[in-house]
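An overview of the molecular structure
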Amino acid sequence: MTRESLTHEELRDIAIAAVEDACETAKNPPSDLGISCKTNRNDLVTAIDKKIEEDIAQVLAQQTGYALLGEERHSLSSFAGRVWVLDPIDGTMNYVETHRDFAISLALCEDGVPVVAVIADVMKGAIYSAIKGQGAFCGEEPLALVDAERTYQDAVIITDIKEINALPRLQQILLESRGHRRYGSAALEIVEVAASRAGAFVHLWVSPWDIAAATLICQEAGGTVTRLDGTPMDIRYKGSVLAAWPTVHRTVHNRLIVEPV
Ligand code: 2AM
Ligand code: CA
């Protein structure tokens, strides 16, 4: 068997096994997390982020040989062909401070398009996965398709104070909705949309590793994932994200971007 002939199912199983091992690493840290700041005092990395990235990189290199983009230490020269995209801990602030709502997010992309996705909600012990064209799963259970008709007035919306400040029209939408929430892990927040627990996730600045896996899981559950201006999601680039149930997506995009004030 050549590496190119590995099927999406085989690659999903390789990804799930690597992520499950990493969950054990995340749940059993040494007493000193080795915390350091990156771009600012709230942009953290720990020794566990780095260890998980190294461990998963090693397993994937050995079992597949494909290139890896990882948040902490792995860059790419190109997204051509099969490429893994890894966030070893999405929600590092939660890992350090709240001890919940952090994820391990791993996607396989083909020419920049996610085709296999695995996201672990580490503390809940839940593994979400998807293969392009085959639906989304939580463990062995298929995720039900999201309600394409339901409106934002009947939905919780996930967003952050930065977005509320930057997008004045968002405030009124939130007031008309069932309320807003924020968990602090973009991958898990998009999974909330996929699992029908929230109608939309609005974020101004996400990176490829935050959204590669979550985009596929949400789309496979019937959600719509674009940039905030409605242009298609291209996970190769940093930018905004609007992930939502179809009607919620249409109306939130309209209210935020299209309708005149
Ligand atoms: P992280 O924990 O991997 O850094 C919290 O606001 C969410 O946004 C998390 O998913 C976090 O991922 C991500 N995030 C934090 N800082 C970011 C940045 N500078 N660019 C993109 N995403 C960021
Ligand atoms: Ca991270």
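Look a little higher up for the structure.
The shown structure was predicted, so the numbers you read here are calculated from the model rather than taken from an experiment.

So, about the packing of helix H5 (residues 168-176) against helix H8 (residues 246-258). The N-to-C vectors of H5 and H8 enclose an angle of 150°; their axes lie 9 Å apart at closest approach. By the angle between their directions, the pair H5 and H8 is classed as roughly antiparallel. For H5 against H8, the interelement crossing comes out right-handed. Between H5 and H8, the residues in contact are Arg169, Leu170, Gln172, Ile173 and Glu176 and Val252, Asn254, Arg255, Leu256 and Ile257, respectively. Residue composition of the contact of H5 with H8, by class: five nonpolar, two polar and three charged.

Another aspect to go through is the pattern of salt bridges. On inspection of all chains with the given rule, the structure shows 16 salt bridges. Close ionic contact of aspartate 13 with arginine 12 constitutes a salt bridge, the shortest N to O distance being 3.1 Å. A salt bridge links lysine 27 to glutamate 24, with the shortest nitrogen-to-oxygen separation between them at 3.4 Å. Taken together, the positions of lysine 27 and glutamate 24, both in helix H1 (residues 8-27) and three residues apart, correspond to about one turn of that helix. One continuous salt-bridge network, built from bridges that share partners, spans Asp160, Lys162, Arg182 and Glu189.

Attention now moves to the coordination of the calcium ion (ligand 2). Think of it this way: four donors in a tetrahedron around the metal ideally sit 109.5 degrees apart, and six in an octahedron ideally sit 90 or 180 degrees apart. Distances from the calcium ion (ligand 2) to its protein donors, Glu71 (OE), Asp87 (OD), Asp87 (OD) and Ile89 (O), fall at 2.1 to 3.0 Å. A relative accessible area of 0% places aspartate 87 in the buried class.

With that out of the way, let us pick up the packing of H1 against helix H2 (residues 47-63). One can describe the packing of H1 onto H2 by two numbers: an axis separation of 10 Å at closest approach and a directional angle of 155°. Overall, the two elements H1 and H2 adopt an arrangement that is roughly antiparallel. Here the hand of the crossing between H1 and H2 comes out right-handed. Contact with H1, carried on its side by Ile14, Ala18, Ala22, Thr25 and Ala26, involves Ile48, Lys51, Ile52, Asp55, Ile56, Val59, Leu60 and Gln63 of H2 and no other residues of that element. By residue class, the composition of the contact of H1 with H2 is nine nonpolar, two polar and two charged.

Conventions used here
- Residues numbered from 1 in each chain as written.
- Chains lettered and ligands numbered in written order.
- Predicted model: local features only at pLDDT ≥ 70, side-chain atom pairs only at ≥ 80, totals over all residues.
- Heavy atoms only, no water.
- Axes fitted to C-alpha atoms, helices over the stretch in contact; angles between N-to-C directions.
- Helix = DSSP H or I, 4+ residues; strand = E, 2+ residues; numbered from the N terminus.
- Parallel < 35°, antiparallel > 145°, perpendicular 65-115°, else oblique.
- Left-handed = near helix turned anticlockwise from the far one by under 90°.
- Contact = heavy atoms within 4.5 Å.
- Nonpolar A, V, L, I, M, F, W, Y, C, P; charged D, E, K, R; others polar.
- Salt bridge = Lys/Arg side-chain N within 4 Å of Asp/Glu carboxyl O.
- Donors = N, O, S within 2.8 Å, 3.2 Å for Na, K, Ca; no water.
- Buried < 20%, exposed > 50% of the residue type's maximum accessible area, 1.4 Å probe, protein only.

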